[in-house]
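Next come the chains, spelled out residue by residue.
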Amino acid sequence: MEEFKLAWAVYTAGVIVLLAAGWWFMRNWGWSWVRNLILLEAATVLLVPARGATADGPLVPVLPLFVYQTLFEEEGATPEVSASLVFAAAGAFAVMLIVGIIKLMLRRRKDRPMTESDQY
């Protein structure tokens, strides 16, 4: 079990380095919301754990498990793994959509000129 914890630690460190490099190369993009969406999606699909083929098996990252099952298992990826991947990606997209809408509303409120009713 210690080897598995060590593997998770190395994998997580690698994902953090990958995300930091992605942020570094995309830091000057004009549309920061696209950068944030890409980085959050990448972090989500690379770090969300899922169960493997057995119910009592260890948790493994969902995207590598999906790729492994798709490429190397006869029946392809299991429905549970596919659903975990889709729901993780959709959840991250929904979070960014909500944050984007809130930021847009706050920006519009800040840019709107004050009226007499706003002064009181």
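Everything below is about the structure shown above.
Source: prediction; values computed, not measured.

## So, the packing of aromatic side chains
Inspection of every chain in the model, using the stated rule, returns three aromatic pairs. Relative to tyrosine 11, the ring of tryptophan 8 lies with its centre 6.0 Å away and its plane at 90 degrees, an arrangement referred to as edge-to-face. Of this pair, tryptophan 8 and tyrosine 11 are both found in helix H1 (residues 2-26), three residues apart, which corresponds to roughly one turn of the helix. Their ring planes at 55 degrees and their centres at 6.5 Å tell us that tryptophan 23 and tryptophan 24 sit as a pair that is tilted. Residue classification places tryptophan 24 among the partly exposed positions, given a relative accessible area of 47%.

## Remarks on the nonpolar core
By size, the foremost hydrophobic cluster in this structure holds 12 residues: Val15, Leu19, Met26, Leu39, Ala43, Val45, Leu46, Ala50, Val62, Leu65, Val81 and Leu85. Tallying contributions element by element places helix H2 (residues 32-47) first for this core, with four residues. Alanine 43 has contacts with Leu19 and Val48, leaving out every residue within four places of it along the chain.

So, how was this worked out
Residues numbered from 1 in each chain as written. Predicted model: local features only at pLDDT ≥ 70, side-chain atom pairs only at ≥ 80, totals over all residues. Heavy atoms only, no water. Phe/Tyr/Trp six-rings, centres within 6.5 Å; stacked < 30°, edge-to-face > 60°. Helix = DSSP H or I, 4+ residues; strand = E, 2+ residues; numbered from the N terminus. Buried < 20%, exposed > 50% of the residue type's maximum accessible area, 1.4 Å probe, protein only. Core = buried A, V, L, I, M, F, W, Y, C linked by side-chain atoms within 4.5 Å. Contact = heavy atoms within 4.5 Å.

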